[in-house]
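# Commentary on secondary and tertiary structure
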Amino acid sequence: MEKQWDIIVVGGGHAGCEAALAAVRMGKSCLLLTMQVSSIAAMSCNPAIGGIAKGHLVKEIDALGGGMGKIADATAIQFRILNKTKGEAVQATRCQSDQYRYAKAMQSYLFSFPSLQIYQGEAASLLLKKGQVHGIRTTLGEELHGKAVVLTAGTFLQGLIHIGKQQIRAGRDGEGASMHLSEQLTNAGLEIGRLKTGTPPRIDGRSIDFSKMEKHESDPEETYFSFWGKPENPLESRACHITYTNAKTHTIVADNLAYSAMYSGEIKGIGPRYCPSIEDKIARFPHKERHQIFIEPTGLDSYEYYPNGLSTSLPVFVQEAYLKSIEGMENTRIIRPGYAIEYDYVKPTQLKATLETKTIHRLYCAGQINGTSGYEEAAAQGLIAGMNAVLSIEEKEPFILQRFEAYIGVLIDDLITKGTDEPYRMFTSRAEYRLLLREDNADQRLSAKAYDLGALPQEKYDLFLAKQEAVAQCSAWVKTTSFVPTEALNLALIEKKADQLTQKIKVNAFLKRSQGNLAIVEETVPELASSLVNWDSAVKKYVSATVKYEGYIQRQELQIKKSINLELRKIPEQFSYEAVGGLSAEVLSKLASHKPQTIGQASRISGVTPSAIAQIIIALDKGNYEPLS
């Protein structure tokens, strides 16, 4: 086997897949080192891709040339648009996935790149020399050399599974933990923390009475993540179902909290705030009469179902008891018990915006090792880490997305400036410029950047240019075209509880109304339908949203222009905060710990006040700072 590559990626989860794909798309050789080849791209928790803000991340990954959107489309068994009654800025795409087909499809995609080598083994240590990583040593003693290394260890670093009082050293159910890297990372000067996450039991669908539950089918309209075309053979749809916990469920859980690893003191790591276990729900929200549970299929060829909302660390006998107390699940059989898992992570304030560690040159970290939760957050980080690893060895400028350019930029900036002591999850509320960062315009924001870096192939860039031309044509048409409202249009508006039209109106003026969009015009105004069929649904959706939010978008763009100079202003590496004078001990401590690279980053560090930022800017303007000794 070859022993030298441009990039080595450690870990075959969603972050590792995107990091490896980015490396080979940009023309580099890559080794993907994974503890289990058959588990590459496994959906170890919920069998779904996307969701609130997560769908934005998937769209951005796709716009940058990544693989998650394409694979999700090909292996989806249900699509839904969340927040459909709200504005386009917070609407989000989510697909229920065939988790087995997803993993196999991603594995096949990875194997299709000749310059990507996949190897099964466990990383024991980094090969370090003069502050730079040069490869990996495996537990078998093999030395694998690379010019850059991307660590995507997921929940495997010192992974410890809890089921009641039982503990298992594992990275996830059925797979061993990585017991070696954490100590070396600590010895190399990186601060390591401890987090916890969990997963619910998996249940046999043949033992569920779905007739007692609410049925939720896929949305009727055609929906996909990828900007680059539909899957050739989309899978058939499967329904999800909703049921609820009840007083009996809550009593069973409450009476057995002492058996929970979370409440017995066995677990030290901090769990996810926004995805609490059933124990947390009962203990923290005792006033709630019921909690919603989504019963989700895991695949077309499996009877295994995922009860979303029931993650737990309770013993198996308690899991069985509370499941059987839920309506429709009275005869439920468990296929796999739920569990909690503790794992080590690297405190993300020790990373640059490229996801390179500040202490070890060309060592990158991506995914749950940085304290995040979710496949989408992991994949986004893997993509950026992989791209920047390539740019680093080519000695080119790094690729950094700002908060006003992408949700990926918000995600990374939050991690490196604010850090996290609980599993981080992306939400639309975290993005202050979310009107600019919609799902429908991710390609318009990012694809040209990816093409310039060599991360987006020519055929996809040609599709991007064709869409740009269609958008320009459609945008000009809505500005110059008027129509007389029809009875069918007004009936549709009444149904949407919107005001009727009483006189002739320009199309763009109609689009600015709360319920105005090109789809309803095409369906109800025959004289315009023949023109609108010239553009596909993605173009019409983009134009509708852009016109609707035009005034707000202009306001946000003005805010960005006012702040961009400070946002991007670099702080020299040799800058001495002690020489500024007047900064409190807390501010000095935070700045020394985080080592912000720009004024924008410094301003978002907790405890760094606006007055401190003003003092630093004055010092930078005057140039009266001393080099660090």
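Heads up: the structure comes first, above all this text.
Cut-offs used in this document
Residues numbered from 1 in each chain as written. Predicted model: local features only at pLDDT ≥ 70, side-chain atom pairs only at ≥ 80, totals over all residues. Heavy atoms only, no water. Pairing = 2+ DSSP bridges. Helix = DSSP H or I, 4+ residues; strand = E, 2+ residues; numbered from the N terminus. Axes fitted to C-alpha atoms, helices over the stretch in contact; angles between N-to-C directions. Parallel < 35°, antiparallel > 145°, perpendicular 65-115°, else oblique. Contact = heavy atoms within 4.5 Å. Nonpolar A, V, L, I, M, F, W, Y, C, P; charged D, E, K, R; others polar. Buried < 20%, exposed > 50% of the residue type's maximum accessible area, 1.4 Å probe, protein only.

### Quick word on the sheet that holds strand β10 (residues 160–163)
As summarised here, the arrangement of the 4 strands in space is β11-β10-β19-β12, forming an open sheet in which the pairing is antiparallel. Bordering the open sheet on either side are β11 (166–169) and β12 (192–199), each of which pairs with just one other strand. On average, adjacent strands in this sheet sit at an angle of 25° to one another, irrespective of strand direction. Note: β10 against β11, 4 bridges, orientation antiparallel. Counterpart to L160 in the pairing with β11 is R169.

### Remarks on the packing of helix α9 (residues 375–393) against helix α10 (residues 407–418)
Remark: α9 packs on α10, axes separated minimally by 10 Å, with the N-to-C direction vectors making an angle of 90°. Comparing the axis directions of α9 and α10 gives the class roughly perpendicular. Touching E377, A380, Q381 and I384 of α9 are I408, L411, I412 and L415, all from α10. Split into classes, the residues belonging to the contact of α9 with α10 amount to 6 nonpolar, 1 polar and 1 charged.

### Topic: the environment of N565
Within the secondary structure, N565 is located in helix α18 (residues 550–568). Using a relative accessible area of 62% as the deciding quantity, one classes N565 as exposed. In this structure the C-alpha to C-alpha distance between N565 and G600, which are 35 residues apart in sequence, comes to 9.1 Å.

### Observations regarding the sheet that holds strand β18 (residues 334–336)
Read across the open sheet, the 6 strands follow the order β14-β15-β16-β17-β13-β18; overall the sheet is antiparallel. In the strand order of this sheet, the two ends are held by β14 (214–216) and β18, each with one partner. Each adjacent strand pair in this sheet contributes to an overall mean axis angle of 35°, direction not counted.

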